[in-house]
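# Results of the structural survey
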Amino acid sequence: MNSQFVIRTPENVRIRYDLAGTGTRFFALVIDNCIQGLLLVAFSWPLVHGKIVDFNTLPEKLGMMDGLLLALIILFLMLITFGYFIIFESVWDGQTPGKKLLGLKVRRLGGQPVDFLAALIRNLLRIVDWLPSFFIAGFTTMFFNNMGRRIGDLAAGTMVIRERRRTPPAPISLTPEEHEDEIRSWLGGALPTLTEQELGPIREFLRRRNTFAPEIRQRLASGILRRVLACFHPGEPMPRHDGEQVLRVIYRWYQAESFGRLEESSVNDQVTQTPTER
Amino acid sequence: MSSGLRPMGIGEIFDRSFFILRKNFGTLIKLHVMVFLPVLTLLVLALVGGVAIHMTNPFLFQQFAKPETLSAGSAFLLIGLIIFAIGLFFLMMVLMHINMYGTYRIFDAGVRNEKMTWKEALKGWPLGALFLFLAAMILGTVGGIAGLLIAIPIVIVQAVSPILAQVINYGLNVVISVFTVLALPIVVLEKKDPVTPIWRGVCLAAKNFWRALGVILLYTLLSMCLTAVILVLFMLPIVVIIASSGASVADPQNLMKYLLSPAIIALAVGLVLMVLFLWFVLVNLYLGLQVLLVYDFKMRSEGYDLLPPEETGLTTVV
């Protein structure tokens, strides 16, 4: 379970954010640094091979180098080092390529998207987070901060959250079972109310059943069915139907009764309405 | 079975491990201190004893450099010191496994969203730590034998292509690391004998090879970065001191005077604490990752999150 940050709006709506963990942020940083490195190589390659800059004699030539070219080189280096993060986070909804790949996002503490000023502050302070080397100050701050915020985040009033999946998991499609009516009547003919705690394992098992070895699959199906049958009033055991078949029938039954709205809720219910207190 | 457990991605495994480490930071510190307290006490006593002996007989330790001139009493003392050093080494090995046992249990509780004190973590430590130690010895022995067997073909390949030999060597080391990463935590988490977890760990890792490999490689990357930091932190004071002291290395007395100034001592203490902190995080993070991998693989391969193993009868699945 990830740590969460909950914002309660004036309209009494709770918005929950999953805070990004230290490990994921580190790997997003590694990806971004690799991209920055590639950009640097891409920049310096034509300079060297185009003989625009000869690094062997550069120290001597610096004094004679065209000021504009030198300024452009420094500007480009700054753009890659700092501007990369500032521009991406302020333009791309709080994400850099590394963060996007790992599903992370920078947000202000109130949940609003990060603006240019916040992105500027949090990324310029990377210099402080970097001290004394390799992000030790930032890592230590993140480690001891409840929300995993580094010095730049603390100064800019931002946090890094885990972007939830926009697409829900693929629905479980089940074909009609042989002897389905027989199984339903054996189960008592009526569909009892199953809680998420009872229905969840069925759904997960059916979704992942192909990943289990046959023996384990059979035992899991039997065990889950044994738990769920307490809610039904089955007749005598019917040995020719295995546990998994009965579970499929139960789940299809629920799918039909619920008009297909059985899948676990997706990101879109991130906003939940809480009852106002009287 | 519902305790919020579900199969995790690699990033989530790392995040969860950091999260549990941070949540139980104080408990882990207490565990480490209490377990290693005997050794620390012995070291302090030895240091105090050594200083006391040196003050009464300043030339005694110099005599050790020339054993042929040793008196009976000095020889006895030298033998005693050697036995003490060997005993201390074995004590450290034992304490390390007791510490590992407690740390695994704390992470185990953390995965299930439970809290555990350092005393509770050490419940059952004699047998648990012994099994852990034996499992580690067996792994080490088997690994050593495997290493010798692998070395023979690698030496042959080396004659043909050194680069290929290196690639094969590293590749095999990585594969062996993947297959053995789960053995020790399974000894503690499933309370098994020292032998069964090794094969069980191999089977679980084999079914989830790429995931285990990904975690190990990413941990290696993280540890390389933090190790580089530790090295920099050791180099940093030397550079700062030499650059700022103005004292020449050829003038040791002046240099010593500068080194013993309060500012330098404060800097040294701060850096030592930082190094200890990073090392502590690195070591415990790895143990946490092992525990989380065991849980994740059990969920993926055995449906551990769907039903507890005692209900499925999967307590000894291999």
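Provided above is the structure to which this section pertains.
Now for a description of the structure that goes with this document. (Residues numbered from 1 in each chain as written. Chains lettered and ligands numbered in written order. Predicted model: local features only at pLDDT ≥ 70, side-chain atom pairs only at ≥ 80, totals over all residues. Heavy atoms only, no water.)

### Quick look at the overall build of chain B
The helix and strand tally for chain B stands at 13 helices and zero strands. Each helix and strand of chain B, placed in order from N terminus to C terminus, yields the pattern α-α-α-α-α-α-α-α-α-α-α-α-α. Within chain B, buried positions represent 40% of all 318 residues. In chain B, 75% of the contacts between residues at least 6 apart in sequence involve partners at least 24 apart. Surface exposure of chain B reaches about 16600 Å², of which carbon and sulfur atoms provide 77%. (Helix = DSSP H or I, 4+ residues; strand = E, 2+ residues; numbered from the N terminus. Buried < 20%, exposed > 50% of the residue type's maximum accessible area, 1.4 Å probe, protein only. Contact = heavy atoms within 4.5 Å. Areas by Shrake-Rupley, 256 points an atom, 1.4 Å probe, with all protein chains shown as cover.)

### Considering the state of the cysteines
For the coordinates displayed, the defined rule picks out zero disulfides over all chains. No disulfide involves Cys225(B); its sulfur sits 10 Å from that of Cys34(A), the nearest cysteine. (Disulfide = S-S within 2.5 Å.)

### Looking at helix H10 (residues 196-208) of chain A
The end-to-end C-alpha separation of H10(A) is 17 Å, in line with the 18 Å expected for 13 residues at 1.5 Å each. Inspection of H10(A) places Leu199(A), Gly200(A), Pro201(A), Ile202(A), Arg203(A), Glu204(A), Phe205(A), Leu206(A) and Arg208(A) among the buried residues, and these make up the whole buried set. Along its buried surface, H10(A) packs onto helix H11 (214-228) and helix H12 (243-257) of chain A together with helix H12 (262-302) of chain B. (Expected span 1.5 Å × (residues − 1).)

### Here's the deal with the interface of chain A and chain B
A common way to state how big an interface is: give the accessible area lost once the parts meet. Opposite the 36 residues of chain A that make contact, chain B presents 42 residues. Put simply, chain A and chain B have two salt bridges between them. Linking Asp305(B) and Arg208(A) is a salt bridge whose minimum nitrogen-to-oxygen distance equals 2.9 Å. Scanning the region where chain A abuts chain B turns up nine residue pairs in polar contact (both at pLDDT 80 or more). Sorting the residues of the side of chain A that touches chain B by element identifies helix H1 (22-49), helix H7 (136-144), H10 and H11 of chain A as the ones contributing at least two each. Here the side of chain A that touches chain B gets seven residues from one element, more than from any other, and that element is H11(A). Partitioning the side of chain A that touches chain B into residue classes produces 17 nonpolar, 13 polar and six charged. (Salt bridge = Lys/Arg side-chain N within 4 Å of Asp/Glu carboxyl O. Polar contact = N/O pair within 3.5 Å; in protein donor to acceptor, adjacent residues only side chain to side chain. Nonpolar A, V, L, I, M, F, W, Y, C, P; charged D, E, K, R; others polar.)

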